[in-house]
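Residues per chain, in single letters:
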Amino acid sequence: MLAAGLSGQSLWPRATAPLRLRDVAAQHGLLVGSAVSNAQLQRPQFSSLLARQASIVVCENDMKWAHVHPEQDRYEFSGGDALLAFATAHGQKLRGHNLCWHEHNPDWLARAATRQNAADLLRQHIAAVAGHFRGQIHSWDVVNEAIDTRSGREDGLRESIWLDLIGPDYLDLAFREAARADPNALLTYNDYDLEQDTPEHERKRQAVLGLLRSLRDRQTPIHALGIQSHLKAEAAPSQWDGLHPFLDRVEDLGLQVFVTELDVDDRALAPDIAERDRRIGELYRDYLANVLRHRPVKAILTWGLTDRDTWLNHSKPRADGLPQRPLPFDTDLHPKPAFAAMRETMSTRRG
Ligand code: XIL
């Protein structure tokens, strides 16, 4: 117990006041932070850690359709409002996640939506939600995860309620409505499996580039790409030789890039905690050092701040039943090697 505590503490620099991630990020033109829930905000030690470390936060679930629009004629903004109040009190920016997705939709939507009214339902939702937070949001994930390379479609678009009822125009419609509702927010397309060296990730990168180009060609208002960065710990070190040209092409399109949901799924690693933390820290270091070479990258957010709160324990549990260790702080709020990797890679980014 003592040894684990001490090794965690030793990650803090020797200066009297520990250097905060948000200060290092600010010195290098970056924002840093994580996804949070309101239950987490109620824990005082957690919320003071979040206030110290983060310059940008995002609701893990509270702005998704099912939460914010639980009945057709009722919106529920309390979760988002609470995080906005916290962010405002601590000088943090707030991301909006998300306005249009194939998941986390309320049951009423499937019952109520038809080909005739789906475009209006989507427009009304975006006008209401982005309108409610107008002027307060750094960036909105307007459309989340619209590409599925296994869909069999040439454009790679994912089968979803929106594609089915509106057709491929739903993306333009969503971005245009978001621009009307909150002209100051950076409008973002957000997706996963864009980072690593596998053939599936390469197919996804090409499909996402095709989508971004088509949005640009149609002069759809879009300002940024979110790369979720749910990484997998793997045996071989990554080359990132698909990621670099991909981010160059995204830069050619004039888009900013946000790392929106960074974490590391460690199911492939042996149980030993110190070794897992070391390997995960190395992957954070390697990935961030590579990503931060690209000027359009402006923000780094992890999907949760401490291992206690990771979604991976329910969505991708380890076969041995041990908790996953994907995030920069452990369950006791001690910094891990991933924290040091974030601090050090951000501090070497040329300003
Ligand atoms: C996840 C949340 O973390 C979970 O609590 C929830 O049960 C499911 O959604 N990609 C996204 C996020 O864009 O919204 C997802 O968040 C994780 C994957």
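Keep in mind that what you see is a predicted model, and the values were worked out from it rather than measured.

Conventions we followed
- Residues numbered from 1 in each chain as written.
- Predicted model: local features only at pLDDT ≥ 70, side-chain atom pairs only at ≥ 80, totals over all residues.
- Heavy atoms only, no water.
- Helix = DSSP H or I, 4+ residues; strand = E, 2+ residues; numbered from the N terminus.
- Rg over C-alpha atoms; globule rule 2.2 N^0.38 Å.
- Buried < 20%, exposed > 50% of the residue type's maximum accessible area, 1.4 Å probe, protein only.
- Contact = heavy atoms within 4.5 Å.
- Areas by Shrake-Rupley, 256 points an atom, 1.4 Å probe, with all protein chains shown as cover.
- Lys, Arg positive; Asp, Glu negative; His and termini not counted.
- Charge placed at Lys NZ, Arg CZ, Asp CG, Glu CD.
- Axes fitted to C-alpha atoms, helices over the stretch in contact; angles between N-to-C directions.
- Parallel < 35°, antiparallel > 145°, perpendicular 65-115°, else oblique.
- Left-handed = near helix turned anticlockwise from the far one by under 90°.
- Nonpolar A, V, L, I, M, F, W, Y, C, P; charged D, E, K, R; others polar.
- Near = heavy atom within 4 Å.
- Polar contact = N/O pair within 3.5 Å; in protein donor to acceptor, adjacent residues only side chain to side chain.
- Pairing = 2+ DSSP bridges.
- Right-handed = clockwise from strand over helix to strand, strands pointing away.
- Core = buried A, V, L, I, M, F, W, Y, C linked by side-chain atoms within 4.5 Å.

**Overview of the overall build of the protein**
Stage number 1. If you tally the helices and strands in the protein, you get 15 helices and nine strands.
Stage number 2. Relative to a compact globule of 351 residues, whose C-alpha radius of gyration would be 20 Å, the protein shows 20 Å and is just as compact.
Stage number 3. Projected onto its principal axes, the C-alpha coordinates of the protein cover approximately 65 × 45 × 40 Å.
Stage number 4. Relative to its full complement of 351 residues, the protein shows a buried share of 56%.
Stage number 5. Considering only residue pairs separated by 6 or more positions, the protein has 77% of its internal contacts joining residues 24 or more positions apart.
Stage number 6. Counting only carbon and sulfur atoms, one obtains 50% of the accessible surface of the protein, whose full area is about 14,900 Å².
Stage number 7. If you average the places of the 42 positive and of the 48 negative side-chain charges in the protein, the two averages end up 4 Å apart.

**Here's the deal with the packing of helix α13 (residues 273–291) against helix α15 (residues 337–347)**
Stage number 1. Taken N-terminus to C-terminus, the directions of α13 and α15 make an angle of 20°; their axes are 7 Å apart at the nearest point. Taken together, the axis directions place α13 and α15 in an arrangement best described as roughly parallel. As α13 packs across α15, the resulting crossing turns out to be right-handed. Note on element contacts: α15 touches α13 through Pro337, Ala338, Ala340, Ala341, Met342, Glu344 and Thr345, opposite Asp277, Arg278, Gly281, Tyr284, Arg285, Leu288 and Ala289.
Stage number 2. Each residue belonging to the contact of α13 with α15 can be placed in one class, and the counts come to eight nonpolar, two polar and four charged.

**Thoughts on the site of the ligand**
Stage number 1. The environment of the ligand is formed by 14 residues, the closest being Glu60, Lys64, His97, Glu261 and Trp303.
Stage number 2. The contact in question runs from a nitrogen atom of the ligand to an N or O atom on the side chain of Glu145, over 3.2 Å.
Stage number 3. For the shell around the ligand, a count of residues per class yields three nonpolar, seven polar and four charged.

**A short note on the environment of Leu225**
Stage number 1. In this fold, Leu225 is placed in strand β6 (residues 224–227).
Stage number 2. In this structure Leu225 comes out as buried when scored by relative accessible area, which is 0%.
Stage number 3. A sequence separation of 136 residues divides Leu225 from Ala89, and the C-alpha atoms of the two residues are 28 Å apart.
Stage number 4. With sequence-adjacent residues up to four places away left out, Leu225 is seen in contact with Thr188, Tyr189, Val208, Leu212, Phe246, Val250, Leu255, Gln256, Val257 and Phe258.

**Quick word on the pairing of β6**
Stage number 1. Residues Ala224 and Gly226 point to one face of β6 and Leu225 and Ile227 to the other, with burial holding for every one of them.
Stage number 2. As judged from the four bridges shared by strand β5 (residues 186–191) and β6, these two strands associate in the parallel manner. Counted as the bridge partner of Thr188 is Ala224 from β6.
Stage number 3. The parallel pair β5 and β6 is bridged by helix α11 (residues 199–217), and the resulting crossover is right-handed.
Stage number 4. With four bridges connecting them, β6 and strand β8 (residues 256–265) associate as parallel partners. Of the residues in β8, the one forming a bridge with Leu225 is Val257.

**Focus on unusual backbone geometry**
Stage number 1. Here the residue pair His97 and Asn98 is connected by a cis peptide bond, since its omega of -10° sits within 30 degrees of zero.
Stage number 2. With respect to the secondary-structure elements, Asn98 resides in the loop between β3 (93–97) and α7 (107–112).
Stage number 3. Even without glycine at this site, His104 takes up a positive phi of about 55°.
Stage number 4. By the secondary structure assignment, His104 is in the loop between β3 and α7.
Stage number 5. Owing to a relative accessible area of 33%, His104 belongs among the partly exposed residues under this scheme.
Stage number 6. Not every positive phi belongs to a glycine, and Leu333 is a case in point at roughly 70°.

**As for the nonpolar core**
Stage number 1. If you look at the biggest cluster of nonpolar residues, it comprises 99 residues, and the most contacted ones within it are Trp140, Val143, Tyr189, Ile227, Tyr284 and Tyr287.
Stage number 2. Val58, Ala224, Ala299 and Leu301 belong to the second largest nonpolar core, which has nine residues in total.

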